[in-house]
Amino acid sequence: LRSLRDLTRPHASRDLQSNTHLYMLLSAVSVAVTVGSSRTTSSVRAGPARMVGSFDPASPVLTADDLRDGLSRALDGGLQRKHVALLGSTGSIGTQSLDIAREYPDYFEVVSLAAGSNVDLLAQQVAEFRPKVVGLADASKEQELRDRIRALGAAVPEIVAGAEGGTAV
């Protein structure tokens with residue numbers, strides 16, 4: 001347990017900020033590991049621990065070393081490469097999830113993406129991750145998406161536009 005005295009040390013806020021950033025990464029990895037998983041382990045189901053601020057918690061708080069160890073075990077624990085189907089790939093959480101897939105290509109394969117209407121960013125994502133299926137909510141922008149993907153020199157995957165776009169992914 002962290003004491004109030006530990007949290008008031010000069011470097012404590014920096015440590016807490018560092019732990020929070022690692023916690024956010026692990027939360028996103030936990031989501032990404034769960035997507036497309038053919039089996040679920042108790043560590044994935046348990047969910048992340050809650051980070052605390054400036055008071056002594058009632059339960060233990062994970063340290064940065066604990067979080068790094070958990071990530072290492074999750075990635076090196078014999079898990080098969082996960083297939084990721086991402087809804088909202090051009091949004092904030094979607095782009096952060098793709099950052100993780102980019103950082104750990106041996107562990108995550110993006111097989112499908114879906115987005116609303118941001119064809120600029122979606123075309124870049126398609127060119128980089130080469131998904132098999134792409135969903136686009138705004139059917140009026142389907143041809144523009146196809147043109148942008150071709151302009152980037154990438155193969156055009158199956159594109160499902162309109163209301164069916166999200167369910168096809």
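For the structure itself, consult the block above.
Being a predicted model, the structure only gives us computed values, none of them experimental. (Residues numbered from 1 in each chain as written. Predicted model: local features only at pLDDT ≥ 70, side-chain atom pairs only at ≥ 80, totals over all residues. Heavy atoms only, no water.)

Asker: Hey, could you go over the sheet that holds strand β2 (residues 108-115) for me, with residue numbers and the actual values?
Answerer: The 4 strands lie next to each other as β1-β2-β3-β4, forming an open sheet whose pairing is parallel. Sheet topology places β1 (82-87) and β4 (158-161) at the edges, where each strand pairs with a single neighbour. Averaged over all neighbouring strand pairs, the angle between strand axes comes to 20°, with direction disregarded. In the packing of helix α5 (residues 92-103) onto the sheet, the strands contacted are β1 and β2, and the crossing angle to β2 comes to about 160°. Along the sheet, helix α7 (residues 142-151) contacts β3 (133-136) and β4; its crossing angle with β4, the most-contacted strand, is approximately 155°. (Pairing = 2+ DSSP bridges. Helix = DSSP H or I, 4+ residues; strand = E, 2+ residues; numbered from the N terminus. Axes fitted to C-alpha atoms, helices over the stretch in contact; angles between N-to-C directions. Contact = heavy atoms within 4.5 Å.)

Asker: Hey, could you go over α5 for me, with residue numbers and the actual values?
Answerer: With 12 residues, α5 extends 17 Å from end C-alpha to end C-alpha; this agrees with the ideal 16 Å at 1.5 Å per step. Residues Gly 94, Ser 97, Leu 98, Ile 100 and Ala 101 constitute the buried set of α5. Taken down its axis, α5 places every buried residue within 155° of arc, on the same side. Facing away from the buried surface of α5 by more than 90 degrees, the exposed residues are Ser 92 and Glu 103. (Expected span 1.5 Å × (residues − 1). Buried < 20%, exposed > 50% of the residue type's maximum accessible area, 1.4 Å probe, protein only. Arc of directions from axis to C-beta.)

Asker: Help me get a handle on the side chain of Ser 112, residues and values and all.
Answerer: In this fold, Ser 112 is placed in strand β2. In this structure the side chain of Ser 112 is engaged in a polar contact, spanning 3.3 Å, whose partner is the backbone oxygen of Val 169. Here Ser 112 is in contact with Val 84, Ala 85, Leu 86, Pro 131, Val 133 and Val 169, once residues within four sequence places are set aside. (Polar contact = N/O pair within 3.5 Å; in protein donor to acceptor, adjacent residues only side chain to side chain.)

Asker: Pulling in residues and values, what's your account of the pairing of β3?
Answerer: Burial of the side chains of β3 extends over both faces: Val 133 and Gly 135 are buried on one face and Val 134 and Leu 136 on the other. The pairing of β2 with β3 spans 4 bridges and is parallel. Bridging from a neighbouring strand, Ala 114 pairs with Gly 135 of β3. As a crossover connection, the stretch from β2 through helix α6 (residues 119-129) into β3 is right-handed. As defined by bridge partners, β3 adjoins β4 across 4 bridges and the pair is classed as parallel. Note that in β4 the partner of Val 133 across the bridge is Glu 158. In the classification by handedness, the crossover that spans β3, the intervening α7 and the parallel β4 is right-handed. (Right-handed = clockwise from strand over helix to strand, strands pointing away.)

Asker: Got a sec to walk through the packing of α6 against α7? Specific residues and values, please.
Answerer: Their axes nearest at 9 Å, the elements α6 and α7 cross at an angle of 45°. What the angle tells us is that α6 and α7 run oblique. α6 and α7 meet at a crossing whose hand is right-handed. Of α7, the residues touching α6 (which contributes Val 119, Asp 120, Leu 122, Ala 123 and Val 126) are Glu 144, Leu 145, Arg 148 and Ile 149. Class assignment of the residues belonging to the contact of α6 with α7 gives a composition of 6 nonpolar, no polar and 3 charged. (Parallel < 35°, antiparallel > 145°, perpendicular 65-115°, else oblique. Left-handed = near helix turned anticlockwise from the far one by under 90°. Nonpolar A, V, L, I, M, F, W, Y, C, P; charged D, E, K, R; others polar.)

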